Amino acid sequence: MEDIKKRIKYNKSWNYFFLIIGLLSTFVGLFLLAVLFIDLIMDGHSRLTYKFLTSFPSRFPEKAGILSAWVGSFLVLLVTALSAIPIGVAAGIYLEEYAKKNWLTDIIEINIANLAGVPSIVYGLLALGLFVYFFKFGESILTGGLTLALLILPMVIMATRESIRAIPNSIREASYALGATKWQTVQWHIFPYSLGGILTGIIIGLSRAIGETAPIITVGALTFIAFLPSSPITSAFPFISFEWLFDPFTVMPIQMFNWVSRPQKEFQINAAAAGIILMLMTLIMNGIAIHIRYKFRKKIKW
Amino acid sequence: MNTKKIKERSIESLLFVCAASSIFVTLSIVIILSFESYGFFKEVPLFEFLTGTEWTPLFENPKFGILPLIAGTLLTTCTALMVALPLGLLAAIYLSEYAPHKLRETIKPVLELLAAVPTVVYGYFALLFLTPILQEFIIELSGFNALSPGIIIGVMIIPYVSSVSEDAMRAVPMHIREGSYAMGATKLQTSLKVIIPAAFSGIAAAFLIGISRAVGETMVVAIAAGMMPNFTINPFEPVQTLTAYIVQVSLGDVPHGSLEYKTIFAAGVTLFLMTLIFNIIGFWLRKRIREAY
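Cut-offs used in this document
Residues numbered from 1 in each chain as written. Chains lettered and ligands numbered in written order. Predicted model: local features only at pLDDT ≥ 70, side-chain atom pairs only at ≥ 80, totals over all residues. Heavy atoms only, no water. Helix = DSSP H or I, 4+ residues; strand = E, 2+ residues; numbered from the N terminus. Buried < 20%, exposed > 50% of the residue type's maximum accessible area, 1.4 Å probe, protein only. Contact = heavy atoms within 4.5 Å. Areas by Shrake-Rupley, 256 points an atom, 1.4 Å probe, with all protein chains shown as cover. Lys, Arg positive; Asp, Glu negative; His and termini not counted. Charge placed at Lys NZ, Arg CZ, Asp CG, Glu CD. Rg over C-alpha atoms; globule rule 2.2 N^0.38 Å. Phe/Tyr/Trp six-rings, centres within 6.5 Å; stacked < 30°, edge-to-face > 60°. Lys NZ or Arg CZ within 6 Å of the ring centre and 35° of its normal. Axes fitted to C-alpha atoms, helices over the stretch in contact; angles between N-to-C directions. Parallel < 35°, antiparallel > 145°, perpendicular 65-115°, else oblique. Nonpolar A, V, L, I, M, F, W, Y, C, P; charged D, E, K, R; others polar. 1 Å grid on protein atoms, 1.4 Å probe; cavity = no way out; pocket = protein on both sides within 12 Å on 5 of 7 lines; lining within 4 Å. Points joined across faces, edges and corners; volume = space filled by probe spheres on them. Buried area = accessible area lost by both parts, 1.4 Å probe. Salt bridge = Lys/Arg side-chain N within 4 Å of Asp/Glu carboxyl O. Polar contact = N/O pair within 3.5 Å; in protein donor to acceptor, adjacent residues only side chain to side chain. Core = buried A, V, L, I, M, F, W, Y, C linked by side-chain atoms within 4.5 Å. pLDDT = per-residue confidence, 0-100.

To continue, consider the overall build of chain B. Counting its regular elements, chain B contains twelve helices and zero strands. The order of helices and strands in chain B, counted from the N terminus, is α-α-α-α-α-α-α-α-α-α-α-α. In terms of overall dimensions, chain B has a C-alpha envelope of 75 × 70 × 35 Å along the principal axes. Taken over 293 residues, chain B has a buried fraction of 57%. Pairs at least 24 residues apart make up 70% of the contacts formed inside chain B by residues separated by at least 6 positions. In the form shown here, chain B has an accessible surface area of approximately 13000 Å², with 68% of it arising from carbon and sulfur atoms. The average position of the 19 basic charges and that of the 20 acidic charges among the side chains of chain B differ by 17 Å.

Secondary structure assignment for chain A yields eleven helices and zero strands. Ordering the α and β elements of chain A from the N terminus gives α-α-α-α-α-α-α-α-α-α-α. The C-alpha radius of gyration computed for chain A amounts to 24 Å, which surpasses the reference 19 Å derived for 302 residues by more than 25%, pointing to a less compact arrangement than a globule. If you line up chain A on its principal axes, its C-alpha atoms span 75 × 65 × 35 Å. Relative to all contacts within chain A whose residues are 6 or more apart in sequence, the contacts with residues 24 or more apart total 75%. When the accessible surface of chain A is totalled, it reaches about 14800 Å², and 70% of it is carbon and sulfur.

In this description, a pair of aromatic rings is defined by centroid distance and the angle of the planes. All told, the structure shown has 21 aromatic pairs over all chains when counted by the stated rule. Ring centres 6.3 Å apart and planes at 65° place the aromatic pair Phe49 of chain B and Trp55 of chain B in the edge-to-face group. Note on Phe49 of chain B: relative accessible area 2%, which makes it buried. A centroid spacing of 6.3 Å and a plane angle of 85° characterise the contact between Trp55 of chain B and Phe64 of chain B, whose relative ring orientation is edge-to-face. Accessibility expressed as a relative area gives 7% for Phe64 of chain B, which makes it buried. Here a set of aromatic residues connected by ring pairs shows up, and it is made of Phe40, Phe41, Phe49, Trp55, Phe64 and Tyr245 of chain B. The residue whose ring lies beneath Arg262 of chain A is Phe267 of chain A, and the NZ or CZ to ring-centre distance is 4.2 Å.

Before going further, it helps to examine the packing of helix α3 (residues 67–98) of chain B against helix α8 (residues 187–198) of chain B. Residues and elements named next belong to chain B. Two elements in contact, α3 and α8, have axes whose closest approach is 11 Å; the angle formed by their N-to-C orientations is 110°. One finds that α3 runs roughly perpendicular with respect to α8. Contact residues: Ile93, Glu97 and Tyr98 in α3; Lys187, Leu188, Ser191, Ile195 and Ile196 in α8. Grouping the amino acids of the contact of α3 with α8 by side-chain chemistry returns five nonpolar, one polar and two charged.

It is worth spelling out the environment of Gly205 of chain A at this point. All names here are of chain A. Note that Gly205 resides in helix α8 (residues 182–211). Owing to a relative accessible area of 0%, Gly205 belongs among the buried residues under this scheme. Sequence spacing of Gly205 and Met285 is 80 residues, and the spatial spacing of their C-alpha atoms is 9.7 Å.

Time to look at empty space enclosed by the protein. Rolled over the atoms, a probe with the dimensions of a water molecule shows which regions are left empty. Residues and elements named next belong to chain A. Counting across every chain of the model gives four cavities of 30 Å³ or more. The space that makes up the largest cavity amounts to roughly 50 Å³. Elements with a contribution of two residues or more to the lining of the largest cavity: α3 (67–98) and α8. Sorting elements by how many residues they give to the lining of the largest cavity places α3 first, with three residues. Taken together, the residues of the lining of the largest cavity sort by class into seven nonpolar, one polar and one charged.

With that settled, the discussion passes to the interface of chain B and chain A. Taken together, the contact pairs 74 residues of chain B with 80 residues of chain A. Across the chain B to chain A interface the summed buried area is about 7000 Å²; carbon plus sulfur atoms make up 78%. With its nearest N and O atoms 3.7 Å apart, the salt bridge here joins Lys100 of chain A to Glu12 of chain B. The interface formed by chain B and chain A contains ten residue pairs in polar contact (both at pLDDT 80 or more). Looking at the side of chain B that touches chain A, the element that brings in the most residues is helix α1 (residues 2–43) of chain B, giving 19 residues.

Turning next to the pattern of salt bridges. Here the structure, examined in full by the defined rule, presents twelve salt bridges over all chains. Across the salt bridge formed by Glu54 of chain B and Lys63 of chain B, the nearest N and O atoms sit 3.9 Å from each other. Overall, Glu54 of chain B belongs to the partly exposed group, its relative accessible area being 43%. Notably, a salt bridge pairs Glu166 of chain B with Lys108 of chain B, separated by 3.3 Å at the nearest N-O pair. Of this pair, Glu166 of chain B sits in helix α6 (residues 147–170) while Lys108 of chain B sits in helix α4 (residues 101–116), placing them 58 residues apart in sequence. Each of the salt bridges in this network shares a partner with another, and the network as a whole consists of Glu96, Glu109, Arg161 and Arg165 of chain A.

Judged by nonpolar contacts, the single largest core of 187 residues is most densely connected at Met256 of chain A together with Ile29 and Tyr122 of chain B. Counting residues per element, this core draws most heavily on α3 of chain A, which supplies 16 residues. Residues contacting Met256 of chain A, with those up to four places away along its chain left out, are Ala271, Ala274, Gly275 and Leu278 of chain A together with Val120, Val121 and Tyr124 of chain B.

With that settled, consider the confidence of the model for chain B. For chain B, the average pLDDT comes to 89, and 98% of its residues sit at 70 or higher. Mean pLDDT in chain B bottoms out at helix α12 (residues 259–292) of chain B, which sits at 84, and peaks at α3 of chain B, which reaches 94.

See the structure below:
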């Protein structure tokens, strides 16, 4: 009896010990994330002024700013969103609602899972060969945006599919029973009900695209850009210009990379300041995504 | 009635084209990588590429042995795995078997943030925060090294490892757990002796996804590992990975079509094939768990 009691106690204490180890392992990453953010803020907060946001990069670290970088990031992201979202959502809808179970569907599925695992720099090489030299878009905002669109396409497709899969079949059957066609069912039921999950996936994908550096370097984005792309709104008819699509550009992470890789301490302070802004954008976008997911999950009960 | 049918048909075709465009992406990756590296291998024999221990394509007297880059890649990847595999697996066991429902739902999205932080920020952290700290303990550690970016990549891929393994563990049906508890096993015994073996293929898939991410990671190593092709297994020395080499060449002015230009595609093919193998095995293992129960 004593023996058994001892044994139980022994097993229970191991169990308890492991609980602590597991808890620690879960939180060690988050702890590092907090340290990283605090370190960035301590290094870079002194450079975070209005002037930093409205100045071009410069040879003099105290005069340098991120104007061309954040404008570039914004425009690239615009191209990415406009191309990846419609194609990705449409592909997701097709695969969940329309696709028949055959070899072609299987290939598309395996292919998408595979694309999600391709390293981002390989997308950069693809873009270099395809967009820069084959389609002759040059090292432009269009090239950058399309490259990132290819990169996040699998994420958008997978988020769309997952979200649609959660809708019970009874909804579809009810719609068909009222005589709705397949597209009407998708348009009025499937799409609105899965919108929360789709939006979450899109925002997380775009937040990934904002921070992505490697493929943009590969397509040859310049690191020293002291001018803005041409304005999309012009004073003369037809008032909208697409010239900016073909302008050279830089983006936030590239500007930061450029500053990190310089030996002078002052530039590294600039890098930290750019890093704070990048981190804030990422955290805010992910926060919004989590919030949307949470809200939709609460609202819809099957 | 007929116009309705036409509309339905054309919408379906349009959606199909969007879905099929993913195949076009893969095809273009394969075509471009093989076309450009074919040009490379016409000038550099494959044997020399695979067995050479010197990689100096930008020098006067260029040498094209890929082994130093592969060594650098494996070195940072192994360091990363030593961090990510234990931490990711332990976190997964904790979240799946121990954590209360509410805590799990809160922690999971926050843990995903680790993978969302821009990699260039991680690079900054590795070079200017972690390396100086490590140098306090390891005197022979040089300013650029494989160790510090390796550790940071490890932290970055924790969520990949933990979320896929956790999914696999949660897919183990409840009655199997209950059977174990009924025999008087503790949660720890159940986790280690019942859940992990049952979820083994899913955990293996998670590990492979983590490996593939670590192999393909670029910016952290480009910033903090030193851009020096070094045929070594010493993590304290500066190294260059396949990915960092591509970055280095892309930053310079390399004329389109030159041999230097083609080297990045040769490095890219090597990288693509390495990650492809891990991804395919991982995909297959994941498919297997879905069919298991």
